Amino acid sequence: MPVEWQPVRQSRTHELVLQSIEQRVFAGELKAGDRLPPERELAPVLGVSRSALREALRVLETIGVLVAQPGRGPDAGARIVRNPDDALGRLLRLHFALGSYGLHDVLEARVALERSSFEAAARHASKEDLDEAEGLVERMREPGIEVAEFNDLDTRFHVHIARSSGNELTSTLTSAVRESVRPLILRALERAEDWPAMAAALDAEHAELLGLVRAGRGADAADLVERQIRDLHGTLVDEDAGQV
């Protein structure tokens, strides 16, 4: 059944447009993959200007609920999506930079999330999931790997394990929290006096983590990932906090 749109009040127009769209999502009238009507049709139906409608759509795009494709054709327009990882990471990174959350808050959140992820992955991860994680570990082991590439692979490894846990929310939150401190971790790695030795030590820990998950030893994997996180966060000096 087509979604029936109703005009909204003009006070704080873009927020009321947001409420109108949210209500339809909550009611199940709009689902992931659905397209909104074109601006030229939706704005008059809602009784708002196209600029107010665009402002509301930009907010939804920023928080990862909607993707807008300009132009004409079957792929043009705004579409509801269900992939908040990047948007949540961006928002957390900004709030971290603004001092909304301290480094200690992020540390404890990572510990809680990743302990849960590794314990669950030991129970639920498929062979294909673990083989893909193995490929990331092997790439981190390549001689002469640069810090930035290692950091990227490190992030992907931890997020991949979270996704292998079978809990989509844990996966999304792990990705967002890890992304929020990625620049700080990169700077900490870049300050290492002996980067090759540090990379080798971290890679050995990743290999051990993966081995524990493969063996179904979730509690041991959780303990090891907590030690790894706390050790690495210990290298993030206070002056870096808030400078993401």
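Enquirer: Report on the side chain of arginine 110, specifying residues and quantitative values.
Expert: Mapped onto the secondary structure, arginine 110 falls in helix 5 (residues 103-124). On the basis of relative accessibility, which here comes to 3%, the residue arginine 110 falls in the buried class. In this structure, arginine 110 is in contact with Arg115, His158, Val177, Arg178, Val181, Ile185, Ile229 and His233, ignoring residues within four places of it in sequence.

Enquirer: Would you mind going over the nonpolar core in detail, with residue names and values included?
Expert: A general tendency of soluble globular proteins is for nonpolar side chains to be buried together. Membership of the largest hydrophobic core comes to 38 residues, with the highest contact counts inside it found for Phe118, Phe150, Phe157, Leu189 and Val213. With eight residues, helix 5 is the largest single contributor of residues to this core. Those residues in contact with phenylalanine 150 that lie beyond four places of it in its chain are Met140, Ile145, Leu189, Trp195, Ala199, Leu202, Asp203 and His206. With 18 residues, the next largest nonpolar core counts Ile21, Leu30, Leu42 and Leu60 among its residues.

Enquirer: Break down the environment of valine 177 for me, with residues and values.
Expert: Counting through the fold element by element, valine 177 comes out in helix 8 (residues 168-180). Here the alpha-carbon distance between valine 177 and arginine 93, two residues 84 residues apart in the chain, equals 8.2 Å. Each residue touching valine 177, except ones within four places of it in the same chain, is listed here: Leu92, Val106, Ala109, Arg110 and Leu113.

Enquirer: Outline the pattern of salt bridges, listing residues and values.
Expert: One pass over the structure, following the stated rule, counts 16 salt bridges. Close ionic contact of arginine 214 with aspartate 131 constitutes a salt bridge, the shortest N to O distance being 3.0 Å. Here aspartate 131 lies in helix 6 (residues 127-140) and arginine 214 lies in helix 10 (residues 195-214), a separation of 83 residues in the sequence. Aspartate 131 gets classed as partly exposed once you look at its relative accessible area, which sits at 34%.

Enquirer: An account of helix 2 (residues 39-46) is needed here, citing residue identities and associated values.
Expert: Listed as buried for helix 2 are Leu42, Ala43 and Leu46. Taken down its axis, helix 2 places every buried residue within 100° of arc, on the same side. Of the exposed residues in helix 2, those oriented more than 90 degrees away from the buried face are Arg40 and Pro44. Along its buried surface, helix 2 packs onto helix 1 (13-26) and helix 3 (50-62). One or two residues past the end of helix 2 sits glycine 47, with phi positive at roughly 75°.

Enquirer: Describe the pairing of strand 2 (residues 77-80), with residues and values.
Expert: Residues Ala78 and Ile80 line the buried face of strand 2, whereas the alternating positions Gly77 and Arg79 sit on a face that is not buried. Bridge count for strand 1 (residues 66-69) against strand 2 is four bridges, and the pairing is antiparallel. Paired with leucine 66 across the strands is isoleucine 80, a residue of strand 2.

Enquirer: If you had to explain the packing of helix 5 against helix 11 (residues 218-233) to someone new, which residues and values would you point to?
Expert: It is the contact of helix 5 with helix 11, at a shortest axis distance of 8 Å, that shows an interaxial angle of 155°. Relative to helix 11, the element helix 5 is oriented roughly antiparallel. In the packing of helix 5 onto helix 11, the handedness of the crossing is right-handed. Together, Leu103, Val106, Leu107, Glu108, Arg110, Val111, Glu114, Arg115, Phe118, Glu119 and Ala122 of helix 5 and Gly218, Ala219, Ala221, Ala222, Asp223, Val225, Glu226, Ile229, Arg230 and His233 of helix 11 make up the contact between the two elements.

Enquirer: Could you give an account of the environment of glutamine 228, with specific residues and numbers?
Expert: With respect to the helices and strands, the residue glutamine 228 is situated in helix 11. On the basis of relative accessible area, glutamine 228 is assigned to the buried category, the value being 7%. Sequence spacing of glutamine 228 and histidine 206 is 22 residues, and the spatial spacing of their C-alpha atoms is 9.3 Å. Apart from the residues within four sequence positions on either side, glutamine 228 is in contact with His158, Leu202, Glu205, His206 and Leu209.

Enquirer: Account for the packing of aromatic side chains, naming residues and giving values.
Expert: For the structure shown, the criterion picks out two aromatic pairs. On the numbers, 6.3 Å between centres and 45° between planes, the contact of phenylalanine 118 with phenylalanine 157 is tilted. One end of the pair, phenylalanine 118, is in helix 5; the other, phenylalanine 157, is in helix 7 (residues 147-164), with 39 residues separating them in the sequence. Residue classification places phenylalanine 118 among the buried positions, given a relative accessible area of 0%. Judged by relative accessible area, phenylalanine 157 falls into the buried class, the value being 0%. Their ring planes at 90° and their centres at 5.2 Å tell us that phenylalanine 150 and tryptophan 195 sit as a pair that is edge-to-face. In this pair, phenylalanine 150 is assigned in helix 7 and tryptophan 195 in helix 10, connecting sequence segments 45 residues apart.

Criteria and cut-off values
Residues numbered from 1 in each chain as written. Predicted model: local features only at pLDDT ≥ 70, side-chain atom pairs only at ≥ 80, totals over all residues. Heavy atoms only, no water. Helix = DSSP H or I, 4+ residues; strand = E, 2+ residues; numbered from the N terminus. Buried < 20%, exposed > 50% of the residue type's maximum accessible area, 1.4 Å probe, protein only. Contact = heavy atoms within 4.5 Å. Core = buried A, V, L, I, M, F, W, Y, C linked by side-chain atoms within 4.5 Å. Salt bridge = Lys/Arg side-chain N within 4 Å of Asp/Glu carboxyl O. Arc of directions from axis to C-beta. Pairing = 2+ DSSP bridges. Axes fitted to C-alpha atoms, helices over the stretch in contact; angles between N-to-C directions. Parallel < 35°, antiparallel > 145°, perpendicular 65-115°, else oblique. Left-handed = near helix turned anticlockwise from the far one by under 90°. Phe/Tyr/Trp six-rings, centres within 6.5 Å; stacked < 30°, edge-to-face > 60°.

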